[in-house]
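Residues per chain are reported as follows:
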Amino acid sequence: MSPLPELRYPSVPELVASARALAAREPGLCTLRQVGVSRAGRPLHLLSVGHARRAVLVVAGAHANEPTGGSTLRVLAERVLAERELRAGTSWHFLLCADPDGASLHVTPAPRSLLDYHLGFYRPTGAEQPEWSPSVLPPDRLPPETRALTGVIDEVRPYLQVTLHGTDLGGSWVQLTKDVPGLAEPFAKSAAELHIPVETGASDAAGWPASGPGVHVMPGPETGVAYPSMPDDARHSTWYHAHRYGGLTAVVEVPMWASDLVDDPAPHPAPAAAMRRLSARLLRDAREVERILADALPRLDGVDGPLLRAARWALELIPGLAEDWIHTAPAGTTMAYVGSVDAFGRRLPLRAAAMLLRVLREADDRAAPRLEQLVATWCDAFAQRFRARWVPLGHQVEHQSRTVLVAAQQAREQAA
């Protein structure tokens, strides 16, 4: 599991081959085994290093469009094996990819621009995402990937679960199901050293308490959600499954492209007006995609599949979210928060358009060129508005790895 070339994300088969080689090299310390299968029959693999009862679980690939986690997992496994002190009293377990079906559909292993990234984009519906499905489905309808993940948690009972996430454009932040004192300072230091902005007002964590810049602690069940229209609720995700065993979950987000517009803690001078403007743009962009979809649908008779399903699902979220934005602005709204919402508002219709474009191209539909131009225009506007700059893959991986290791150390001290 050697360092990755720049701009090269490993596929799931490559991750499995690397893990298999590592287990063969160190059979006394490492095991690789299958812990489940996906809906399409693809195996889910767990690499374990060490034998201690106290455990850390690291999950990659929960979102198909967030490829950095696989790279980070490879580096972490090598490091844990090489550094004996990391294994002292702790075993490490690495779920190589929580959604191998999704990973097979997101096909941008080496994006050199936001357009490259979106031309191969895929992100499934909430019900098909392994970590989020428990928040939108009853227990008897959970997908096998979710059951495999919760089964691993039940088996290893981690004091810390870390799930490796990422964003296309923005900054880095951490979401915690319980606070981890001592994490915020080294997290911020690492980000600064690697020139990665800290997303201090992440819209994903709107209204959550923060233990430090970019380190957000999920609120308890007694508090409401920031965006009531959104069907998923983090408090019902697999992130809370580790609490059954006294553990917690850290979600570590890193950007592929960075923007300093999400790292400005200054108060926004007119947040209500800004949110209304962003809401209106979100609706306008969604309607543009919906018109193309409505025009093409009669010609797509009989066409179905995860890409079209996910595009329609993303579009269905938008009216409610736009309404939420008009009526919801956290106290002390910052420039960073409005910047994060701005990015989210560009991201959601763009993703729907990108997935629909893949469907139209496959069908050789006459609407494809029009939609391709729209996707290209939006990608360019997104990059220009946020002054996007590529974060070298090595920096993405190093920052995510450092954050995982610090979280493991601090959470272990807290649990002791």
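Up top you'll find the structure we're talking about.
Just so we're clear, the structure is a prediction, and the values are computed from it rather than from any experiment. (Residues numbered from 1 in each chain as written. Predicted model: local features only at pLDDT ≥ 70, side-chain atom pairs only at ≥ 80, totals over all residues. Heavy atoms only, no water.)

Colleague: What am I meant to see in the overall build of the protein here?
Modeller: Within the protein, the regular secondary structure consists of eleven helices and ten strands. In summary, the protein has a C-alpha radius of gyration of 21 Å against a globular reference of 22 Å for 416 residues, a match within 12%. Expressed as lengths along the three principal axes of its C-alpha atoms, the size of the protein is roughly 60 × 50 × 40 Å. Counting all 416 residues of the protein, 58% fall into the buried class. Considering only contacts in the protein between residues 6 or more positions apart, those separated by 24 or more positions represent 80%. Accessible area for the protein stands at about 16,500 Å²; split by element, carbon and sulfur atoms hold 53% of it. (Helix = DSSP H or I, 4+ residues; strand = E, 2+ residues; numbered from the N terminus. Rg over C-alpha atoms; globule rule 2.2 N^0.38 Å. Buried < 20%, exposed > 50% of the residue type's maximum accessible area, 1.4 Å probe, protein only. Contact = heavy atoms within 4.5 Å. Areas by Shrake-Rupley, 256 points an atom, 1.4 Å probe, with all protein chains shown as cover.)

Colleague: When you look at the packing of helix H1 (residues 12-25) against helix H2 (residues 68-82) in this model, what are you seeing that I'm missing?
Modeller: A pair of packed helices is captured by two measures, namely the crossing angle of their axes and the spacing between those axes. Following both chains from N to C, one finds H1 and H2 inclined at 5 degrees, their axes separated by 11 Å at the closest point. Classified by the angle between their axes, H1 and H2 sit roughly parallel to one another. Contact residues: Leu 15, Ser 18, Leu 22 and Arg 25 in H1; Gly 70, Arg 74, Ala 77, Glu 78 and Leu 81 in H2. (Axes fitted to C-alpha atoms, helices over the stretch in contact; angles between N-to-C directions. Parallel < 35°, antiparallel > 145°, perpendicular 65-115°, else oblique.)

Colleague: Sorry if this is basic, but what is going on with the packing of aromatic side chains here?
Modeller: Tallying each qualifying case throughout the model produces seven aromatic pairs. Look at Tyr 117 and Phe 121: their rings are 5.8 Å apart centre to centre, the planes differ by 70 degrees, and that puts the pair in the edge-to-face class. Phe 121 shares its class with Tyr 117; the two are buried. Put simply, the rings of Tyr 117, Phe 121, Trp 257 and Trp 390 pair up and form one aromatic cluster. Cation over ring: Arg 54 sits above Tyr 159, and NZ or CZ is 5.9 Å from the ring centre. Here the guanidinium or amino end of Arg 385 rests over the ring plane of Phe 386, the centre of that ring lying 5.5 Å away. (Phe/Tyr/Trp six-rings, centres within 6.5 Å; stacked < 30°, edge-to-face > 60°. Lys NZ or Arg CZ within 6 Å of the ring centre and 35° of its normal.)

Colleague: Please clarify how helix H6 (residues 184-193) should be interpreted in this entry.
Modeller: Structural remark: α-helix, 3.6 residues per turn; residues separated by three or four positions point the same way. Within H6, burial applies to Ala 184, Phe 187, Ser 190 and Ala 191. Mapping the buried residues of H6 onto a view down its axis gives an arc of 135 degrees, with all of them on the same face. Facing away from the buried side of H6, by more than 90 degrees, are the exposed residues Glu 185, Lys 189 and Ala 192. Against the buried residues of H6 lie strand E6 (173-176), strand E7 (210-212), strand E8 (215-217) and helix H11 (393-415). Just past H6, the residue His 195 takes up positive phi, approximately 60 degrees. (Arc of directions from axis to C-beta.)

Colleague: Could you clarify how one ought to interpret the pairing of strand E1 (residues 30-37) in this entry?
Modeller: In regular strands, side chains alternate between the two faces of the sheet. Of the pairings in the sheet, the one linking E1 to strand E2 (residues 43-49) comprises seven bridges and is antiparallel in character. Counterpart to Gly 36 in the pairing with E2 is Leu 44. Between E1 and E2, which follow one another and run antiparallel, lie five residues, and Gly 41 among them has a positive phi close to 90 degrees. (Pairing = 2+ DSSP bridges.)

Colleague: What should I look at first to understand the state of the cysteines in this one?
Modeller: Joining two cysteines, a disulfide is a covalent bond between their sulfur atoms. Throughout the structure, instances matching the rule amount to zero disulfides. Counting only cysteine sulfurs, Cys 97 is the nearest neighbor of Cys 30, a cysteine outside any disulfide, at a range of 20 Å. When its relative accessible area of 3% is taken as the criterion, Cys 30 is described as buried. Exposure remark for Cys 97: the relative accessible area of 5% places this residue in the buried category. (Disulfide = S-S within 2.5 Å.)

Colleague: Is there a simple way to think about empty space enclosed by the protein in this case?
Modeller: Enumeration according to the criterion identifies one cavity of 30 Å³ or more in this entry. Lining the largest cavity are Asn 65, Glu 66, Pro 67, Thr 68, Tyr 117, Gly 166, Thr 167, Asp 168, Val 254 and Met 256. Counting only elements with at least two residues in the lining of the largest cavity, the list comes to strand E5 (160-170) and strand E9 (248-258). Residue classes in the lining of the largest cavity are distributed as four nonpolar, four polar and two charged. (1 Å grid on protein atoms, 1.4 Å probe; cavity = no way out; pocket = protein on both sides within 12 Å on 5 of 7 lines; lining within 4 Å. Points joined across faces, edges and corners; volume = space filled by probe spheres on them. Nonpolar A, V, L, I, M, F, W, Y, C, P; charged D, E, K, R; others polar.)

Colleague: What is the right way to read the pairing of E2 from this model?
Modeller: With respect to burial, E2 is a largely interior element, six of its seven residues being buried. By the bridge criterion, four bridges tie E2 to strand E4 (residues 91-95) in an arrangement that is antiparallel. Residue pairing for E4: Leu 47 is matched across the bridge by Phe 94.

Colleague: Quick question: what am I supposed to make of unusual backbone geometry here?
Modeller: Keep in mind that most residues, glycine aside, have a negative phi and that most peptide bonds are trans. Here Arg 157, not a glycine, exhibits a phi torsion of approximately 50 degrees, which is positive. Structurally, Arg 157 can be placed in the loop between helix H5 (144-156) and E5. Backbone geometry places Asp 364, a non-glycine residue, at a positive phi of 55 degrees. Note that Asp 364 resides in the loop between helix H9 (335-362) and helix H10 (368-385).

Colleague: Sorry if this is basic, but what is going on with the packing of helix H7 (residues 271-296) against H9 here?
Modeller: Packing of H7 against H9 brings their axes to within 10 Å, and their N-to-C directions diverge by 5 degrees. As the angle between them shows, H7 and H9 are arranged roughly parallel. When H7 is examined against H9, the residues Ala 274, Met 275, Leu 278, Arg 281, Leu 282, Asp 285, Ala 286, Val 289, Ile 292, Leu 293 and Ala 296 are found in contact with a partner set consisting of Tyr 337, Val 338, Val 341, Asp 342, Gly 345, Arg 346, Pro 349, Ala 352, Ala 353, Leu 356 and Leu 360. Split into classes, the residues belonging to the contact of H7 with H9 amount to 17 nonpolar, one polar and four charged.

Colleague: Which parts of the structure should I look at to understand H1?
Modeller: Under the 1.5 Å per step criterion, the end-to-end length of H1 is 20 Å for 14 residues, consistent within 8% with the ideal 20 Å. When H1 is considered as a whole, its buried residues turn out to be Leu 15, Val 16, Ser 18, Ala 19, Leu 22 and Ala 23. All buried residues of H1 project into a common sector of 165 degrees when viewed along the axis, lining one side. Turned more than 90 degrees from where H1 packs its buried face, Pro 13 and Ala 24 sit exposed. Among the structural elements, E1, E2 and H2 are those in contact with the buried residues of H1. (Expected span 1.5 Å × (residues − 1).)

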